Amino acid sequence: MMSISLIFLLIGCCFAAEKLASYNVDPSETSVSGISSGGYFATQVQVAFSASIKGAGIVAGGPYNCGGQMSYTNCMYTSSPPITESISNTKSWSGNKIDDAKNLAKHKVYMISGTSDSTVGVSVMTQLYKYYSTDGQFIPDSNVVFKKDLKSGHTFPTDFDSAGNNGCGSTSSPYISNCGFDGARAILEHIYGPLQPRNNGALSGKFIEFDQGEFIASAKVNGMSTSAWVYVPKSCTDGATCKLHIAYHGCVQSYEKIGDKFVKNTGYNRWADTNNMIILYPQTVATTSISGGASLPNSNGCWDWIGWYGTDFSVKSGKQLAAMKKMIDRITGGFNPINIPKELQVTAVTDNSVSLSWKPVSSAHGYNVYRNGGKVNGATISGTTFTDSNLNSGSTYTFTVKAVSSSGSESSASNSATGKTTGESPAVGTPSGLIVTDTTSNSVTLKWDSVPVITTYNVYRNGNKVTSVSATSYTDTDLNSATDYQYQVSSVKDSVEGDKSMTVTTTTLAGSTDNDCYDESNVAHVAALRAYVSFGYTFALGSNQNMGLY
């Protein structure tokens with residue numbers, strides 16, 4: 001009989017990590033983000049490979065190359081690390097050790113600092129802001145957003161609950177919290193512009209564990225796991241032209257430490273699924289030896305921002321950075337550019353149809369037509385004309401067309417063309433069935449019945465318009481606790497707004513005060529001589545149990 005150990009060995013072989021695939025990803029649409037050590041590392045990737053990156057999201061990170069100039073503790077907590085050398089290094093390394101720093105001028109950056117974060121406080125992030133903008137003047141001030149009013153600890157902020165997450169005001173594993181603020185959306189929308197509504201249901205794509213060891217020699221010796229994760233939406237698998245965002249976890253946040261929580265609970269995948277975006281989740285591992293320019297082992301599986309694996313950690317030749325560039329090149333290696341159709345125009349209209357024409361694209365296998373952002377045709381259109389039928393009379397529609405390659409990938413959209421059908425315009429219906437489906441201390445979730453032929457709804461709070469949405473549900477966030485709110489919804493068709501719905505009234509839940517989270521903080525335990533600090537972490541006296549970040 002086959003032994004149990006042999007059976008498990010065979011199962012392990014069957015589920016070995018895959019080779020990272022190439023996709024139709026536009027190389028110019030690559031961005032990065034990270035928290036804590038991942039925030040520092042995201043800045044390093046952004047600066048070192050600025051020609052390949054278009055923007056960054058930094059949560060609790062600090063100035064470029066800070067850990068290479070001074071003790072890492074001076075780059076953390078509530079310090080204000082000097083940035084003169086960070087700026088001068090960027091300028092002197094530009095075009096050789098790193099890409100031309102002039103590329104940074106086109107980047108967009110979104111920074112998040114929690115008001116209760118004492119691990120990488122707002123003073124550290126202020127120095128990063130100065131490096132980017134006011135002092136370094138690498139990135140225009142208008143391209144940098146610095147959100148520093150979020151009442152959070154050292155954590156990645158979301159606006160939904162996930163099993164095992166810590167409280168927003170606390171600094172503890174897994175360092176992911178429902179703070180009533182969608183950090184993933186804020187970062188991605190700032191970098192890429194308006195996004196399609198996220199998918200809050202079952203995702204269309206796949207989580208793929210891939211062989212990360214392929215991209216770096218002696219992966220575990222150099223602080224990187226032999227496997228990592230990537231989320232690929234179905235549209236990207238099917239050949240659509242996609243974007244790439246790379247999300248770097250923080251210390252004690254790798255798969256080795258917290259499983260798939262960072263990969264699945266940060267909110268990036270929900271936005272990726274509806275916006276043709278691949279999310280790459282590289283992974284670290286802890287190392288116990290002291291090497292490079294570091295004075296302590298990387299026992300928490302941090303990204304290298306202080307020189308554990310070489311003094312060149314923050315430039316293109318750094319072991320981890322070089323591995324990242326190889327992964328970017330692999331994923332974007334399947335890019336299949338195709339020209340954009342030109343001179344789209346409306347050639348005829350009737351009471352219920354609009355006819356279109358456009359110039360041919362020589363490399364196109366066919367074309368797809370989009371009405372008001374949604375694809376109209378089923379099968380690919382082989383010619384350069386199309387009539388969209390079964391429309392409403394007296395209504396205005398906006399069209400674009402995209403060329404389709406032989407592999408199924410699409411070009412960017414053509415110019416838009418607007419046509420109005422003849423006849424009388426139908427009345428705009430009023431939404432019914434408006435109800436409150438959920439309330440928290442800072443949010444209210446609404447739902448209503450759809451209105452035929454309506455694709456846009458306006459949401460009103462206390463008589464004031466909050467937003468426009470295409471779905472028949474909406475979560476209103478950043479509200480005050482224990483407060484009454486009134487909501488209405490209206491329909492919009494061809495820029496004409498119908499009557500507002502019935503009013504629903506709800507009251508947000510009472511919330512705890514911020515101080516409740518810190519009655520017995522690690523700072524207090526150390527002050528009371530119940531614990532001590534070592535390498536930025538708190539340990540209980542006697543048992544030496546790790547109590548988390550100081």
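A brief report on the enclosed structure follows. (Residues numbered from 1 in each chain as written. Predicted model: local features only at pLDDT ≥ 70, side-chain atom pairs only at ≥ 80, totals over all residues. Heavy atoms only, no water.)

## Digging into the state of the cysteines
Summed over the entire model, instances satisfying the criterion amount to four disulfides. With its sulfur 2.1 Å from that of its partner, Cys168 forms a disulfide with Cys179. Taking the torsion about the sulfur-sulfur bond, which here is approximately 110°, the covalent link between Cys168 and Cys179 counts as right-handed. Here Cys168 is found in the loop between strand S5 (156–158) and strand S6 (176–178), whereas its partner Cys179 is found in the loop between S6 and helix H5 (183–192), with 11 residues between them in sequence. In this pair, the class of Cys168 matches that of Cys179, namely buried. Disulfide pairing is shown between Cys236 and Cys242; the S-S distance is 2.1 Å. Between Cys236 and Cys242 the disulfide shows an S-S torsion of about -110°. By sign, it is left-handed. Given a relative accessible area of 2%, Cys242 falls into the buried group. Bonded cysteines in the protein chain are paired 1-2, 3-4, 5-6, 7-8 when counted in the order they occur along the chain. (Disulfide = S-S within 2.5 Å. Helix = DSSP H or I, 4+ residues; strand = E, 2+ residues; numbered from the N terminus. Buried < 20%, exposed > 50% of the residue type's maximum accessible area, 1.4 Å probe, protein only.)

## Quick notes on the nonpolar core
When a protein is soluble and globular, its nonpolar side chains tend to lie buried together. In terms of nonpolar packing, the biggest core is built from 56 residues, with Met111, Tyr131, Tyr248, Ile278 and Leu280 touching the most fellow members. No other element matches helix H10 (residues 319–332), which puts six residues into this core. Every residue in contact with Tyr248, bar those within four places of it in the chain, is listed here: Val32, Ser33, Gly34, Ile35, Gly38, Phe41, Ala42, Val45, Phe262, Pro282, Trp303 and Met324. Residues Met76, Cys168, Leu296 and Ile306 belong to the second largest nonpolar core, which totals 47 residues. (Core = buried A, V, L, I, M, F, W, Y, C linked by side-chain atoms within 4.5 Å. Contact = heavy atoms within 4.5 Å.)

## Digging into the environment of Gly61
Here Gly61 is to be found in the loop between strand S2 (55–59) and helix H3 (84–93). In this structure, the C-alpha to C-alpha distance between Gly61 and Met125, residues 64 residues apart in sequence, is 6.2 Å. Contact partners of Gly61, with chain neighbours within four places excluded, come to Ser36, Gly39, Tyr40, Val120, Val124, Met125 and Leu128.

## Some points on the sheet that holds strand S9 (residues 242–248)
If you trace the eight strands from one edge of the open sheet to the other, you get S4-S3-S2-S1-S9-S10-S8-S7, paired in mixed fashion. Both outer strands of the open sheet, strand S4 (144–150) and strand S7 (206–211), are each paired with one neighbouring strand and no more. Sheet twist, expressed as the average angle between the axes of neighbouring strands with direction ignored, equals 15°. Running at roughly 155° to S9, H10 makes contact with strand S1 (25–35), S7, S9 and strand S10 (277–281) of the sheet. (Pairing = 2+ DSSP bridges. Axes fitted to C-alpha atoms, helices over the stretch in contact; angles between N-to-C directions.)

## Brief notes about the side chain of Thr155
Mapped onto the elements of the fold, Thr155 is located in the loop between S4 and S5. If we skip the residues at most four places from it in the chain, Thr155 touches Ile35, Val59, Asn166, Cys168, Ser170, Tyr175, Ile176, Ser177 and Cys179.

## Side note on the packing of aromatic side chains
Tallied over the entire structure, the rule returns 16 aromatic pairs. When the centroid spacing of 4.1 Å and the interplanar angle of 20° are considered together, the rings of Tyr40 and Trp305 count as stacked. In this pair, Tyr40 sits in helix H2 (residues 37–48) while Trp305 sits in the loop between S10 and H10, placing the two residues 265 residues apart along the sequence. Trp305 carries the same exposure label as Tyr40, and that label is buried. When the centroid spacing of 5.7 Å and the interplanar angle of 55° are considered together, the rings of Tyr131 and Tyr132 count as tilted. Grouped by ring-pair contacts, the aromatic residues Tyr64, Trp93, Tyr131, Tyr132 and Phe138 constitute a single cluster. Positioned above the aromatic ring of Tyr370 is the side chain of Lys402, whose terminal nitrogen or guanidinium carbon lies 4.7 Å from the ring centre. A cation sits over an aromatic face here: Lys500 above Tyr460, 4.5 Å from the ring centre. (Phe/Tyr/Trp six-rings, centres within 6.5 Å; stacked < 30°, edge-to-face > 60°. Lys NZ or Arg CZ within 6 Å of the ring centre and 35° of its normal.)

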